[in-house]
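An overview of the molecular structure
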Amino acid sequence: METYVLVVAGFGALVLLTAWLPMVLRALPLSLPICCVGVGAVLAFVPFLAGLTPHPGEHLKLVEHATEAVVVISLMGAGLKIDRLIGWERWATTWRLLGFAMPLTIITLAALASALLGLGIASALLIAASLAPTDPVLASDVQVGHPSEGKEDEMRFALTSEAGLNDGLAFPFVNLAIALTSGGVAGLSLSHWIAIDVLWKVAVGAILGLLSVGVLAG
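Only a predicted model underlies this, so the values are computations on that prediction, with no experimental measurement involved.

Conventions adopted
- Residues numbered from 1 in each chain as written.
- Predicted model: local features only at pLDDT ≥ 70, side-chain atom pairs only at ≥ 80, totals over all residues.
- Heavy atoms only, no water.
- Phe/Tyr/Trp six-rings, centres within 6.5 Å; stacked < 30°, edge-to-face > 60°.
- Buried < 20%, exposed > 50% of the residue type's maximum accessible area, 1.4 Å probe, protein only.
- Helix = DSSP H or I, 4+ residues; strand = E, 2+ residues; numbered from the N terminus.
- Contact = heavy atoms within 4.5 Å.

What follows concerns the packing of aromatic side chains. Each aromatic ring pair is summarised here by two numbers: the centre-to-centre distance and the angle between the ring planes. Scanning the entire structure with this criterion turns up 4 aromatic pairs. Their ring planes at 25° and their centres at 5.7 Å tell us that W91 and W95 sit as a pair that is stacked. On the basis of relative accessible area, W91 is assigned to the buried category, the value being 8%. Between the aromatic rings of F173 and W193, the centroid separation amounts to 6.0 Å while the plane-to-plane angle is 65°, which identifies the pairing as edge-to-face. You can see F173 sitting in helix α7 (residues 154-183) and its partner W193 sitting in helix α8 (residues 190-217), a full 20 residues away along the chain. Taken together, W88, W91, W95 and F157 form an aromatic cluster joined through their ring pairs.

Right, dumping it as structure tokens:
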């Protein structure tokens, strides 16, 4: 019963936090997700809460599915805010960010992780692929407004559209890092990675996304 009361109290505090903090943080260089991460870090040091918090390693499937749900919801929320019709010229800034800026960021971060932290190529690439994409939740303070609200200048549009697409394009590099852990550079099939992880999976994801949009619009 005490655990139930603590869970309900914690959930109520979280709801109040999400409703109250954004008004307080308007004049500060902080965001709600950063504050939530800080609160979680502080609570991790509270002795009586340690026993109530299960270790993520003991519930890998739950953590995996919860993470997937958060990513899907946050990316869908970023995409639904965009009013601009898709097109090569209209989305030129987005394509440049995805096609040039993000791969260069991955290469740079991987090189820094290897040189400064002494990590192997697989670990360095995994960290780089995880950090390179713009996070749609943390960047929400400078994203476009709600649909038809009119707050869609080029910078806000570029950030929102890139944040909604880049996770899918960073996924092949995560798979590449995983492949390197098993066979190393010598055992890596570059043609298989390009054909399956880059072309096939990215194309299927894009097609399924377009079909989903078409179904919802219809």
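For L188, the position within the fold is in the loop between α7 and α8. Judged by relative accessible area, L188 falls into the partly exposed class, the value being 26%. Expressed as a C-alpha distance, the spacing of L188 and L176, which sit 12 residues apart in the sequence, is 8.6 Å. For L188, the residues in contact, after removing those within four places along its chain, are L176, A179 and L180.

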